[in-house]
Amino acid sequence: MVNSPYLDGLNPPQRQAVETLNGPVLILAGAGTGKTKALISRLAHLLYTNTASPGQILAVTFTNKAAAEMKHRVSALLGGQSVEGWWIGTFHSLAARMLRRHAELVGLRSNFTIIDDDDQVRLIKQVFELQGIDAKTVNPRMVLGIIDKWKNAGIMPDNIPVFAAGEAPQNLTGSQLGDIYKQYQARLLTLNACDFSDLLLHLVNIFRDPQNGVLAQYHARYTHIMVDEYQDTNTIQYQWLRLLAQAKHNVCCVGDDDQSIYSWRGANIQNILNFEKDFPEAVVIRLEQNYRSTKPILAAANGLIAHNTGRLGKNLWTEMDSQELVRISVTMDQSDEARSVAEEIENIQRKGVSLDNMAVLVRASSQMRAFEERFNIFGIPYRVIGGPRFYERMEIRDAMAYFRLVNQQDDDLAFERIINTPKRGLGAKTISDLQQAARKMHRPLFTAVEFLIQTDEIKPSPRLTLQKFVGDIQRWKEASTTLSIKDFAAAVLEESGYVDMWRNDKSIEAAGRLDNLKELINAMSQFDTLAAFLDHVALVMENSERSEDARVTLMTLHAAKGLEYEYVFLPGWEEGLFPNQRSMDDSGLQGLEEERRLAYVGLTRAKHKAMISYALRRQIYGEFSDTVPSRFIEELPADTVNDERQKIKSNWGFASTTVTSQTGWNNWGQKKWGSKAPLTIDMDAIEIPNNSDFKIGQRVFHEKFGYGKVTSIDEDKLDVSFEKSGHKKVLDRFVKAA
DNA sequence: AATACCTGGGTTTTT
DNA sequence: CCCAGGTATT
C-alpha cells in the first residue's frame, strides 16, 4: 500500500471505519470519539487506495461549517492540494448544484433563485390574498412551517394528510391548506424560484422518474457516499441519499442517536434504523472512546442521557482523569447570572486560559442579551455565533434584491422589494396596478413593466421612472458579465441611488449600514460569477466573521454541536426554558428527550470543565417570574457534580418552604407549565440570604463598582449610589462594609 | 407619500 | 420588553 500517514493514531474501531471502504457502513460515534477524523481518513483512504477518485466521492455534511472543516482537513491531509470542485458540502448545497443541471425537468430554469425565509413569508402572504385569507387571523409563518414539514417529509401538494373537521392547523380546512401549498409552489415556478426545502424535494422527484435517466447518471458518477451527522437527516434527505446509494451500496453514515437535536425540523432518528433495514448487509461500527472530555464530565453526561429511553445504546469512556467536577450554581436573575459567568471568565483568564477556549451555550437566543450586556460592561471580547445574521440585515437584503433581479428578472419578490427603494415616487397604488397588469398578462413583473412602459397604460411620471429602472437593470445585467463582481456590485448600489439613500439618512444606524454594504461588496470579490455569489448567500448565510483576537464564544446549544471548548458555561437550566416548555407541549416525552439530548450535547462540548447555572427569577416579556431548577440538574449523578448551592445552604441555614408556582412562564402564551400540583421547592437549596446587615446610608465597597452609599434596601437587594459608577442595584453579598 | 404613533405578537432550536 | 407592521396623521 502507498504511504498512509492518516492511518496512524487511529484506534481499532476507527481503523475499521476507515478501511471498510465497500458496502454500507454505519458508524455510531459518540461525542468526541474522533468521528470527523475517521471520516476524513476514510476519504483519504479511498483516494490513496485508488478505490475512488475525487469526482466519485460524495461527502455530505449537515452544516456549512462542517463542510468547510472537512474540505480544509482533507486538503491538509493531501499536502495542501485544492479540493475545489469536489462534491463535499451540505445536503442543500449539493442538491442545489445538482438541481441547476436538471432544473428544466421540474419547470425551472438553471438560473433559478433560491429564496430566503423573508421572501417565503412575503410570497405566502400574496397567496393568502389570492385566496381571501386574512394574514392577521392566520399566521403566515405557521402555515409556512406546516408546508415545510410536508416538504421535509417528501409530501407533495396532492397527497397532504387528511384532516378531520376542525383538526387542521390555523383554523383552515385541509383543502385550504392544500390549495395554499399548491399555489405557493405554482408561484415559485412562475418566479423561477424555489425555497430551501425544494432543492431536495425537486431533486428527489427528478430521481424518481426513470424516464429522464438522471438518477442513472449519478449512479454512474458516484461510487462512494459519506454522510456526517446522520442522526439529523430528515425524510427527504434520507430519500435523496437512498436513491443515490441504491446502485452501489457504498454508503457510510456517521451519527449519534444521543445527539439528535433537530427533530423539530423533520429529522428522524428512525433513519438510523431504516439504514439497517434498507442496507441489511451494513457493517455497524461503534466509536466509544472519547478523547475530548474528562471522566467527571463524561460521567455526568452519561448519567443524564441514561434517562432517555429508546436509545441505541453506547458506552462512552475516557482515560482522562480529573478532580474538576461539573459545577452547579444559582443566581438571583439573568443579569446576575451573566455577571457571575463574566466574573468566572475573568478568573479563568487570570489562570492563563485564552478566551478562545471558553464558550457560553444557551438554550434560546433570547438569553444572549444579558451576556452581551455584561461582557460589554466587563470589557470581555466575545463573538456571537448564530445571532442576527449578516445576510438578514435590511440593507443587505435590499442590495441582494438588486443583484437577484439583475441575475434573474422573473424574481418578482426582488422586484417588489427594490422598485421603490430608494424612494422613486412609486406608491402603493402604482405598484399594485403593476401587479394586477402582470397577473393579467401572465408575466413576471419585470417583463410586464418592460412592455407597459412602451404604452400609455402608465401615467407619464411613473412611466419615466420605470423606464429608467428597467434600463438600469438591463445595463447592469450587461455589466455583470463584463465587470468584476466587485465593480459590478459597487456600480449597482451607487447608480441605483441605494448607497446615497443611506448617506442621506441621518439616523444612528445609517453609518453601520453603509459599513455593511461595503463589507458585502468586499465579500463579493471572492466570487467569479454573480450566480456563484448568490448561491453562496442563499446556501451559506453565515457570518464569516473571523477575528484574530481571542474571544469568548456565545451561541445556542444547537449551534455548538460538533464544537469543543476547555471551559463551557451552561446557563439557564430552568424548567420551561431548558427543558423548553414548548418542546414538551408540542412533542411530549419525545420533546423532553430531545431537550435532554441537547443538554447532553452541551455537556459533552466541555473538555476540562462544565459550569451549569440557573437564575431564581427570569424576565420574560419584561415580566419577572420565579423559576424552578431544571430537572436535568437532578438527573446528573451526585458524584459528578460540585453543587455550590450546598455551600449557600450551610451559610444561610433556611427552612424548607412550599411555594405554589403561579408565576413561571404562564405569561408566555396561555400555557402554564407542569403545575399539576403545587411545587415543593427546597428552600435550603435556594438562596434567600439573611436580611442585610447593611443600613441605609452606610458606606460600602463593591469589587466592580467601587465605593458607594446604600440608599435603600429590599431584602437582599441594595440600592447603592456609587461614587464612580453611579446608582446601581446590587446584591448584598457582593458588597462589603467599608 | 412620508412620517409618527400604536398595537399586538413573539422566543426554541436552522439548512 | 422589543420589534415589525399597521394605522393615523401631516
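This text goes with the structure placed above it.
All of the points below concern the structure found in this document. (Residues numbered from 1 in each chain as written. Chains lettered and ligands numbered in written order. Predicted model: local features only at pLDDT ≥ 70, side-chain atom pairs only at ≥ 80, totals over all residues. Heavy atoms only, no water.)

Digging into the sheet that holds strand β1 (residues 25–29)
A sheet is described by the order of its strands in space; here six strands give the open sequence β3-β2-β6-β7-β1-β8, paired in parallel fashion. Strand pairing shows two members of the sheet lacking a second neighbour, β3 (87–90) and β8 (283–287), which therefore form its edges. Along the sheet, successive strands turn relative to each other by an average axial angle of 15°, direction set aside. Relative to strand β7 (residues 251–255), strand β6 (residues 224–227) is paired through three bridges, and the arrangement is parallel. Directly across from Ile225, in β7, lies its bridge partner Val251. On the sheet, helix α2 (residues 35–48) packs against β1, β2 (57–61), β3, β6, β7 and β8 and is oriented at approximately 170° with respect to β6. (Pairing = 2+ DSSP bridges. Helix = DSSP H or I, 4+ residues; strand = E, 2+ residues; numbered from the N terminus. Axes fitted to C-alpha atoms, helices over the stretch in contact; angles between N-to-C directions. Contact = heavy atoms within 4.5 Å.)

Topic: the protein's contact with DNA strand C
Close to DNA strand C lie Lys136, Arg369, Tyr621 and Gly622, which account for all nearby residues. Those atoms of DNA strand C that come within 4 Å of the protein belong to sugar or phosphate at a rate of 45%. Of the residues that constitute the surface near DNA strand C, the class distribution is one nonpolar, one polar and two charged. (Near = heavy atom within 4 Å. Nonpolar A, V, L, I, M, F, W, Y, C, P; charged D, E, K, R; others polar.)

Topic: the side chain of Asp336
Inspection of the secondary structure assignment puts Asp336 in helix α13 (residues 334–350). Classification of Asp336 by relative accessible area gives buried; the value is 3%. (Buried < 20%, exposed > 50% of the residue type's maximum accessible area, 1.4 Å probe, protein only.)

A word on the state of the cysteines
The tally for this structure, following the rule as stated, stands at zero disulfides. Here Cys253 is not cross-linked by a disulfide; its sulfur's nearest cysteine counterpart is in Cys252, at 6.8 Å. (Disulfide = S-S within 2.5 Å.)

Brief notes about the pattern of salt bridges
In this structure the tally under the stated criterion is 48 salt bridges. Of the charged contacts in the structure, one is a salt bridge between Lys561 and Glu229, with a shortest N-O distance of 3.4 Å. With Lys561 in the loop between α24 (557–560) and β13 (565–570) and Glu229 in the loop between β6 and α10 (235–245), this pair connects stretches of sequence that are 332 residues apart. Residue Glu229 is classed as buried on the basis of its relative accessible area of 10%. Ionic pairing is found between Asp232 and Lys561, a salt bridge with its closest N-O pair at 2.0 Å. On the criterion of sequence distance, the pair formed by Asp232 in the loop between β6 and α10 and Lys561 in the loop between α24 and β13 is long-range, its members being 329 residues apart. What makes Lys561 buried here is its relative accessible area of 13%. Residues joined by salt bridges that share partners form a network here, namely Asp116, Asp117, Asp118, Arg141, Arg397, Asp398 and Arg417. (Salt bridge = Lys/Arg side-chain N within 4 Å of Asp/Glu carboxyl O.)

Considerations on the sheet that holds strand β9 (residues 326–331)
Taken in spatial order, the seven strands make up an open sheet running β11-β12-β10-β13-β14-β9-β17, and their pairing is parallel. The open sheet terminates on both sides in strands that have one partner only, identified here as β11 (382–385) and β17 (641–643). Averaged over all adjacent pairs, the angle separating strand axes in this sheet is 20°, with direction ignored. As paired elements, β9 and β17 share three bridges and run parallel to each other. Counterpart to Val326 in the pairing with β17 is Val641. The sheet strands contacting helix α25 (residues 581–603) are β9, β10 (358–362), β13 and β14 (606–615), and the helix crosses β14 at an angle near 130°.

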